[in-house]
Amino acid sequence: MPFSLPDLPYSIDALLPFISAETLALHHGQHHAGYVANLNRLVAGTELAGKALEEVVRVTAGKPDRSAIHQNASQAWNHEFYWRSLAHGGGGMPHGDVATRIAAEFGGHERFAEHFAQAAVSQFGSGWAWLCLRGDRLEIVKTPNEESPLAKGVQPLLTIDVWEHAYYLDYRNRRLEYVHAVIDYLLDWEFANANLARA
Ligand code: FE2
């Protein structure tokens, strides 16, 4: 069965005023859809067709002859994870297990927010910022282009897409403003806790 573009987990205007419906429509309906379409074209007739997306990301990582498949699979997976990392009414103070860990490991939410924003802003060019669980420790990392911690056996908890297509219509070149809006008003802490629980 071919890979499919998952629906957004909320309505197209759910993230207003922080991310516009125009950005979501373009980002999901063109960029994310494009990665899924490319992936289907590239895996057609290979042993990767019919495998789970996560598995395709993992087994093609670091294989130069599979780089196009890996890039599109990873971007498809990252975007699905990004949509679920955001929620209407999200952001701000975490709760649950992730809040306890953030307090213990980063010295509080404010320090965490600073680190996360710094990772997102300092990623040169296109990429992603992630809150992950590596072993038993939380970790903030940034990755270039399509790279995902998933391919390195690390469990992502939340991500922020910092490709220009994620924010340029709404924020122009002001990536920091976009990143702060996501951290302060959109991060889905329930999703982070669910990822932590199944890690
Ligand atoms: Fe994106």
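Residues numbered from 1 in each chain as written. Predicted model: local features only at pLDDT ≥ 70, side-chain atom pairs only at ≥ 80, totals over all residues. Heavy atoms only, no water.

**Some points on the pattern of salt bridges**
Next up, step 1: Applying the stated criterion across every chain, the model contains 9 salt bridges.
Next up, step 2: A salt bridge links arginine 101 to aspartate 97; the shortest N-O distance between them is 3.7 Å. Of this pair, arginine 101 and aspartate 97 both sit in helix H4 (residues 96-106), 4 residues apart, which is roughly one turn of the helix.
Next up, step 3: Exposure remark for arginine 101: the relative accessible area of 19% places this residue in the buried category. (Salt bridge = Lys/Arg side-chain N within 4 Å of Asp/Glu carboxyl O. Helix = DSSP H or I, 4+ residues; strand = E, 2+ residues; numbered from the N terminus. Buried < 20%, exposed > 50% of the residue type's maximum accessible area, 1.4 Å probe, protein only.)

**Describing the domain arrangement of the protein**
Next up, step 1: Per the domain assignment, the segments of the protein are domain 1 (21-85) and domain 2 (96-198).
Next up, step 2: A C-alpha centroid distance of 20 Å is found between domain 1 and domain 2.
Next up, step 3: The partner domain 2 presents 25 residues to the 21 residues of domain 1 that form the contact.
Next up, step 4: Together, the buried faces of domain 1 and domain 2 total about 2000 Å²; carbon and sulfur atoms form 64% of this surface.
Next up, step 5: Together, Phe81, Tyr82 and Ser85 form the three largest contributors to the area buried by domain 1 at its contact with domain 2, with a combined 29%.
Next up, step 6: Applying the counting rule to domain 1 against domain 2 returns 13 residue pairs in polar contact (both at pLDDT 80 or more).
Next up, step 7: The leading source of residues in the side of domain 1 that touches domain 2 is helix H3 (residues 67-85), at 11 residues.
Next up, step 8: Tallied by class, the residues present in the side of domain 1 that touches domain 2 amount to 7 nonpolar, 10 polar and 4 charged. (Domains from an automatic or database assignment. Contact = heavy atoms within 4.5 Å. Buried area = accessible area lost by both parts, 1.4 Å probe. Polar contact = N/O pair within 3.5 Å; in protein donor to acceptor, adjacent residues only side chain to side chain. Nonpolar A, V, L, I, M, F, W, Y, C, P; charged D, E, K, R; others polar.)

**Looking at the packing of helix H5 (residues 109-122) against helix H7 (residues 175-185)**
Next up, step 1: Packing of H5 against H7 brings their axes to within 10 Å, and their N-to-C directions diverge by 140°. Relative to H7, H5 is oriented oblique. For the element pair H5 and H7, the recorded crossing hand is right-handed. Residues Ala113, Phe116, Ala117, Ala120 and Val121 of H5 lie in contact with H7, whose contacting residues are Arg175, Leu176, Val179, His180 and Ile183.
Next up, step 2: Along the lines of polarity and charge, the residues of the contact of H5 with H7 split into 8 nonpolar, 1 polar and 1 charged. (Axes fitted to C-alpha atoms, helices over the stretch in contact; angles between N-to-C directions. Parallel < 35°, antiparallel > 145°, perpendicular 65-115°, else oblique. Left-handed = near helix turned anticlockwise from the far one by under 90°.)

**Overview of the packing of H4 against helix H8 (residues 189-197)**
Next up, step 1: The contact between H4 and H8 brings their axes to 7 Å, and the two run at 85°. With respect to H8, the element H4 is oriented roughly perpendicular. Judged by residue contacts, Gly96, Asp97, Val98, Arg101 and Ile102 of H4 engage Trp189, Ala192, Asn193 and Leu196 from H8.
Next up, step 2: Classifying every residue of the contact of H4 with H8 gives 5 nonpolar, 2 polar and 2 charged.

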